[in-house]
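Survey of secondary and tertiary structure
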Amino acid sequence: MDVKNTTETLNFIIDKIEDKKGENIKVLDLSKIDNAIADYFIICTANSKIQALTISDHIIRETRTQLKEKPLNVEG
């Protein structure tokens, strides 16, 4: 994925987190690390386990439908 698409995808995912009221969004830039599996690692907080699952499901669903991408892996 090129830099423009990576940045667009990052912003897209942040928007989806905000859609579901995720808070304290932090982005770790891994792009300078050799052999990193991802360019960015995104962390956010939620007020409950249900909200965290809702955020995760929303990101996955919207990324699949709008960007035609699916996650390599999902943890938690």
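Since the model is a prediction, treat every value here as computed from it, not as a measurement.

Scanning the protein from N- to C-terminus turns up 2 helices and 2 strands. Starting at the N terminus and walking to the C terminus, you meet the elements of the protein as α-β-β-α. Its C-alpha atoms give the protein a radius of gyration of 12 Å, within 12% of the compact-globule value 11 Å for 76 residues. Its C-alpha atoms give the protein principal-axis dimensions of roughly 35 × 25 × 20 Å. Counting all 76 residues of the protein, 20% fall into the buried class. Sequence separation of 24 or more characterises 43% of the internal contacts of the protein that already satisfy a separation of 6 or more. Working note: accessible area of the protein is about 5900 Å², and carbon and sulfur atoms make up 53% of it. Considering the protein, the positive charge centre built from 11 side chains and the negative charge centre built from 13 side chains are found 6 Å apart.

This part takes up the confidence of the model for the protein. For the protein, per-residue confidence averages 90 on the pLDDT scale, and residues scoring 70 or more make up 93% of the total. Put simply, helix α1 (residues 3-19) is where the protein has its lowest mean pLDDT, 90, and strand β1 (residues 23-29) is where it has its highest, 97.

Let's shift gears to the nonpolar core. Listed in full, the 5 residues of the largest apolar core are Phe12, Ile13, Ile17, Ile55 and Ile59. Of all the secondary structure elements, the ones that give two or more residues to this core are α1 and α2 (49-66). A per-element tally of this core places α1 first, with 3 residues. With residues near it in sequence (within four places) discarded, Ile55 still touches Ile17, Lys20, Gly22, Cys44 and Ala46.

A positive phi angle, near 65 degrees, is found at Asn35, a position not held by glycine. Topologically, Asn35 is positioned in the loop between β1 and β2 (40-45). For Asn35, a relative accessible area of 80% translates into the label exposed. Look at Lys68: it is not a glycine, yet its phi comes out positive at around 60 degrees. Assignment of secondary structure puts Lys68 in the segment after α2.

What follows is about α2. Under the 1.5 Å per step criterion, the end-to-end length of α2 is 25 Å for 18 residues, consistent within 8% with the ideal 26 Å. Three or more residues of α2 are buried, namely Gln51, Ile55, His58, Ile59, Ile60, Glu62 and Thr63. Positive phi appears at Lys68, one or two residues downstream of α2, with a value of about 60 degrees.

Thresholds, definitions, all that
Residues numbered from 1 in each chain as written. Predicted model: local features only at pLDDT ≥ 70, side-chain atom pairs only at ≥ 80, totals over all residues. Heavy atoms only, no water. Helix = DSSP H or I, 4+ residues; strand = E, 2+ residues; numbered from the N terminus. Rg over C-alpha atoms; globule rule 2.2 N^0.38 Å. Buried < 20%, exposed > 50% of the residue type's maximum accessible area, 1.4 Å probe, protein only. Contact = heavy atoms within 4.5 Å. Areas by Shrake-Rupley, 256 points an atom, 1.4 Å probe, with all protein chains shown as cover. Lys, Arg positive; Asp, Glu negative; His and termini not counted. Charge placed at Lys NZ, Arg CZ, Asp CG, Glu CD. pLDDT = per-residue confidence, 0-100. Core = buried A, V, L, I, M, F, W, Y, C linked by side-chain atoms within 4.5 Å. Expected span 1.5 Å × (residues − 1).

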